[in-house]
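The chain contents come next:
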Amino acid sequence: MFKLEPELYNSFTDNKYYNEVLENSFNIINNKLNRKFDVIVDLGCAEGGITKLLSTRVPHRKLVAIDTVPDLLSYARQYNTGPTIDYQLQDMSVEWPQLSPQLRQLETTVDLVFANFVVPHFTDKTKLMSLISKLLAPGGGVFHSNNMLYPDLNKKLLPKYKGPKPWYPSIEKQIDDYRHSLLDNGFQIKEFTIVEKHWKWSRKQAIEMMPYAVEDFRQFYPNRQLFDEEVGEHLWDTLFDAYRNQPDDPPVADGAWKQFLADESQTEIDDCIPYIRIVAIKD
Ligand SMILES: C[S@@+](CC[C@H](N)C(=O)[O-])C[C@H]1O[C@@H](n2cnc3c(N)ncnc32)[C@H](O)[C@@H]1O
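### Notes on the site of the ligand
Inspection of the region around the ligand gives 21 residues, with Tyr9, Tyr18, Gly44, Asp67 and Asn116 positioned closest. With respect to the ligand, the side chain of Tyr9 contributes an N or O atom lying 2.5 Å from an oxygen atom. Separating a nitrogen atom of the ligand from a backbone N or O atom of Met92 is a distance of 2.9 Å. When isolated, the ligand has an accessible area of 600 Å², and the protein chains bury 96% of it. Looking at the shell around the ligand residue by residue, the classes come out as twelve nonpolar, seven polar and two charged.

### Let's talk about the nonpolar core
Side chains that are nonpolar tend, in soluble globular proteins, to be buried together. Ranked by internal contacts, the top residues of the largest apolar core, which has 66 residues, are Phe37, Trp199, Phe217 and Leu239. The biggest single contributor to this core is helix α2 (residues 16-32), with seven residues. In this structure, this core is formed jointly by two domains, domain 1 (6-151 + 168-198 + 272-282) and domain 2 (201-270), each of which donates at least three residues. Listed in part, the 33 residues of the second largest apolar core include Val41, Leu43, Leu99 and Ile132.

### Concerning the packing of helix α8 (residues 203-216) against helix α10 (residues 235-244)
In the contact formed by α8 and α10, the axes pass within 10 Å of each other and the chain directions differ by 105 degrees. Judged by the inter-axis angle, α8 sits roughly perpendicular to α10. Facing Met210, Pro211, Ala213 and Val214 of α8, the residues of α10 in contact are Leu235, Trp236, Leu239, Phe240 and Tyr243.

### Observations concerning the sheet that holds strand β9 (residues 275-282)
Neighbouring strands of a sheet are bound in pairs by backbone hydrogen bonds; such pairs are parallel or else antiparallel. Strands sit in the order β3-β2-β1-β4-β5-β9-β6 across an open sheet of seven strands; the sheet is mixed. Pairing within the sheet leaves two strands with one partner each, and these edge strands are β3 (85-89) and β6 (187-195). Taken over all neighbouring pairs, the strand axes of this sheet differ in orientation by 15 degrees on average, direction set aside. Relative to β9, strand β5 (residues 142-148) is paired through seven bridges, and the arrangement is antiparallel. Counted as the bridge partner of His144 is Val279 from β9.

### Structural notes on the packing of aromatic side chains
Counted by the stated rule, this structure contains 20 aromatic pairs. Taking the centre distance of 5.6 Å and the plane angle of 85 degrees together, the rings of Tyr150 and Phe217 count as edge-to-face. Separated by 67 residues along the polypeptide, Tyr150 in the loop between β5 and α7 (171-183) and Phe217 in the loop between α8 and α9 (224-233) bring together distant segments of the chain. Grouped by ring-pair contacts, the aromatic residues Tyr18, Phe117, Trp199, Trp201 and Tyr275 constitute a single cluster. Between Lys125 and the ring centre of Tyr178, over which it is positioned, the NZ or CZ distance is 5.3 Å. If you follow Arg244 out to its NZ or CZ, it ends over the ring of Phe240, 4.3 Å from the centre.

### Looking at the side chain of Thr51
Tracing the backbone shows Thr51 in helix α3 (residues 49-57). Look at Thr51 and you get buried, because its relative accessible area is 0%. Once residues within four sequence positions are removed from consideration, Thr51 is found in contact with Asp42, Cys45, Leu63, Ala65, Ile85 and Tyr87.

### Focus on the domain arrangement of the chain
We note that the domain assignment places domain 1 (6-151 + 168-198 + 272-282) and domain 2 (201-270) within the chain. Between the C-alpha centres of domain 1 and domain 2 the distance comes to 27 Å. Remark: the boundary between domain 1 and domain 2 carries zero salt bridges. On the surface where domain 1 and domain 2 come into contact, there are six residue pairs in polar contact (both at pLDDT 80 or more). By residue number, the principal contributor to the side of domain 1 that touches domain 2 is helix α1 (residues 6-13), which donates three residues. Looking at the side of domain 1 that touches domain 2 residue by residue, the classes come out as eleven nonpolar, five polar and no charged.

What counts, and where the lines are drawn
Residues numbered from 1 in each chain as written. Predicted model: local features only at pLDDT ≥ 70, side-chain atom pairs only at ≥ 80, totals over all residues. Heavy atoms only, no water. Near = heavy atom within 4 Å. Polar contact = N/O pair within 3.5 Å; in protein donor to acceptor, adjacent residues only side chain to side chain. Areas by Shrake-Rupley, 256 points an atom, 1.4 Å probe, with all protein chains shown as cover. Nonpolar A, V, L, I, M, F, W, Y, C, P; charged D, E, K, R; others polar. Core = buried A, V, L, I, M, F, W, Y, C linked by side-chain atoms within 4.5 Å. Buried < 20%, exposed > 50% of the residue type's maximum accessible area, 1.4 Å probe, protein only. Helix = DSSP H or I, 4+ residues; strand = E, 2+ residues; numbered from the N terminus. Domains from an automatic or database assignment. Axes fitted to C-alpha atoms, helices over the stretch in contact; angles between N-to-C directions. Parallel < 35°, antiparallel > 145°, perpendicular 65-115°, else oblique. Contact = heavy atoms within 4.5 Å. Pairing = 2+ DSSP bridges. Phe/Tyr/Trp six-rings, centres within 6.5 Å; stacked < 30°, edge-to-face > 60°. Lys NZ or Arg CZ within 6 Å of the ring centre and 35° of its normal. Salt bridge = Lys/Arg side-chain N within 4 Å of Asp/Glu carboxyl O.

Shown next as structure tokens:
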């Protein structure tokens, strides 16, 4: 399971690139939807930094913030509290009957489910959206999420690794999965925008983030052995190349990650990581 360190995660999100995404979201929620949000769920709240911000930026009565990692929630409960915020431990990849009684009590009462960079971690997005659909108030409950798109590693795999590998998702497949997960659950899609987005990271951040980026890819492998094999062979290099260089550039021949580590003059990196911005309404 993808497991973030609270302080480290805080340092990844506390920057102007992340803030631009959030400002856009708050603008949509407050100014474009023309709705009031009594009960909000922040899905995948991590260490609570964004939850706290959300609680101050979007008027509401109650904010239930959910994550599946106990350490993140302990940190959130200690450092990112607020009078309306209720942090709850819950794995949202389960079926409805396995949700905690407190969450099931929210059925049809939630006005906004906010999911910022969380849904990419769910292999079965249709199943997740069926839970979200049950939580949302019928006749106008809003689902809003920002979701990074993973790079297509088949475009960066060196010939010696004998691609294409069927388990790497293409961009088109990822987009399709999001769309189907909404339509299959009867959502009305109000916005479904692919946003080209640049992010700059310091060398230190790039090095700290890389293990998470690699671990995050585990979800796409049919089994653990295959993942471990690719980690041993090329995954760090292929992934680093894919995040840093244009998708249609040829792969970096000698290993992008190793080259970056060896070259200390690279003090900053520039990623172009697109994301999908979704606004969907439960009828
Ligand atoms: C990239 S972080 C996003 C955190 C925060 N929403 C933000 O905007 O910065 C993704 C979060 O989703 C949580 N998560 C992943 N899978 C989950 C699951 N099955 N149930 C609940 N939370 C999950 C992770 O623990 C992590 O804290």
